[in-house]
Amino acid sequence: METSQEAPRTSGRRRWWALVGFAAAVFVAAAIGGLGVQGTTGEYASLQQPSWAPPSWLFGPVWSLLYALIAVAGWLVWQRVGFGPALWAWTAQLVLNAIWTPLFFGAGQYGLAFAEIVVMWLAIGLTVVLFARVSRVAAALLLPYWAWVTFAAALNLSIWQLNS
């Protein structure tokens, strides 16, 4: 479904700089998360984990791909409608994304991290719904992210239960 609220077409150069901006915003969220996990590899390995927990080396490549998809999805919506409700939802879920890692890894607050990831999951869902009204492609780009956060929430809950 396309919207009639399309933003004026932007120049090619401005569009590409905007993509850089979206990538930078996502990079900042990732960097905050990265700071939250520095020096925690041993701590994470020492936690009781469910048998279905992925190996720790998998998280970096998965998140790199997901962050790229998140940036492109936001950029696609911005090109259509500018910065409005859909991108406010995108921003909110990105902030929540940045907060989760320091809560879980840095602070070891597994229960609080689980509550936060549930709110993040809901924010991603809202973002998907709002993006679908503007660009089905942008919404589809967020589906792997939403699926991974669903998995991460289940893993968070399991680790919390096993280690409390």
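Scroll up to find the structure this text is about.
These notes cover the structure that comes with them.

The rules behind the values
Residues numbered from 1 in each chain as written. Predicted model: local features only at pLDDT ≥ 70, side-chain atom pairs only at ≥ 80, totals over all residues. Heavy atoms only, no water. Helix = DSSP H or I, 4+ residues; strand = E, 2+ residues; numbered from the N terminus. Buried < 20%, exposed > 50% of the residue type's maximum accessible area, 1.4 Å probe, protein only. Contact = heavy atoms within 4.5 Å. Areas by Shrake-Rupley, 256 points an atom, 1.4 Å probe, with all protein chains shown as cover. Core = buried A, V, L, I, M, F, W, Y, C linked by side-chain atoms within 4.5 Å. Lys, Arg positive; Asp, Glu negative; His and termini not counted. Salt bridge = Lys/Arg side-chain N within 4 Å of Asp/Glu carboxyl O. Axes fitted to C-alpha atoms, helices over the stretch in contact; angles between N-to-C directions. Parallel < 35°, antiparallel > 145°, perpendicular 65-115°, else oblique. Left-handed = near helix turned anticlockwise from the far one by under 90°. Nonpolar A, V, L, I, M, F, W, Y, C, P; charged D, E, K, R; others polar. Patch = residues over 30% accessible without salt bridge, like charges linked within 9 Å, V, L, I, M, F, W, Y side chains within 5 Å. Phe/Tyr/Trp six-rings, centres within 6.5 Å; stacked < 30°, edge-to-face > 60°.

## Thoughts on the overall build of the protein chain
Right, so step 1: For the protein chain, the count of helices and strands is six helices and zero strands.
Right, so step 2: When the helices and strands of the protein chain are placed in sequence order, the string is α-α-α-α-α-α.
Right, so step 3: Within the protein chain, the proportion of its 164 residues that are buried is 43%.
Right, so step 4: For the protein chain, restricting intrachain contacts to residue pairs at least 6 apart in sequence, the fraction spanning at least 24 positions comes to 80%.
Right, so step 5: If you sum the accessible surface of the protein chain, you get close to 8,700 Å²; carbon and sulfur atoms cover 70% of it.

## Topic: the nonpolar core
Right, so step 1: Counting residues in each nonpolar core, the largest one holds 50 residues, and the members touching the most others are Ile-70, Trp-90, Phe-104, Met-120, Phe-131 and Tyr-145.
Right, so step 2: Elements represented by at least two residues in this core include exactly helix 1 (12-37), helix 3 (59-81), helix 4 (85-106), helix 5 (110-134) and helix 6 (136-162).
Right, so step 3: Setting aside its immediate chain neighbours within four residues, Phe-131 contacts Ala-73, Gly-74, Val-77, Ala-86, Leu-87, Trp-90, Arg-136, Ala-138, Ala-139 and Leu-142.

## Regarding the side chain of Glu-116
Right, so step 1: If you trace the backbone, Glu-116 turns up in helix 5.
Right, so step 2: For the buried residue Glu-116, which engages in no salt bridge, the nearest side chain bearing the opposite charge is Arg-133, 23 Å off.
Right, so step 3: Dropping the residues within four chain positions of it, Glu-116 is found in contact with Leu-96, Asn-97, Ile-99, Trp-100 and Leu-103.

## Focus on the packing of helix 4 against helix 5
Right, so step 1: At their nearest, the axes of helix 4 and helix 5 sit 8 Å apart, and the two run at 160° to each other. Considering their axes alone, helix 4 and helix 5 lie roughly antiparallel with respect to each other. You can see that helix 4 and helix 5 cross each other, and the crossing is left-handed.
Right, so step 2: Residue classes in the contact of helix 4 with helix 5 are distributed as 21 nonpolar, three polar and one charged.

## Quick look at a nonpolar patch on the surface
Right, so step 1: A contiguous nonpolar surface patch, about 300 Å² in accessible area, is contributed by Phe-27, Val-28 and Ile-32.
Right, so step 2: Of note, Ile-32 is situated in helix 1.
Right, so step 3: For Ile-32, a relative accessible area of 37% corresponds to the partly exposed category.

## With respect to the environment of Pro-85
Right, so step 1: Topologically, Pro-85 is positioned in helix 4.
Right, so step 2: Accessibility expressed as a relative area gives 64% for Pro-85, which makes it exposed.
Right, so step 3: Sequence separation of Pro-85 and Thr-127 is 42 residues, and the distance between their C-alpha atoms is 9.0 Å.

## Overview of the packing of aromatic side chains
Right, so step 1: Across all of its chains, the model carries 14 aromatic pairs by this definition.
Right, so step 2: Between Trp-100 and Phe-104, the ring centres sit 4.9 Å apart and the planes meet at 20°, which makes this aromatic pair stacked. Here Phe-104 and Trp-100 lie together in helix 4, a separation of four residues that amounts to about one turn. Comparing Trp-100 with Phe-104 shows no difference in burial state: the two are buried.
Right, so step 3: These aromatic residues form a ring-pair network of at least three members: Trp-52, Phe-59, Trp-148 and Phe-151.

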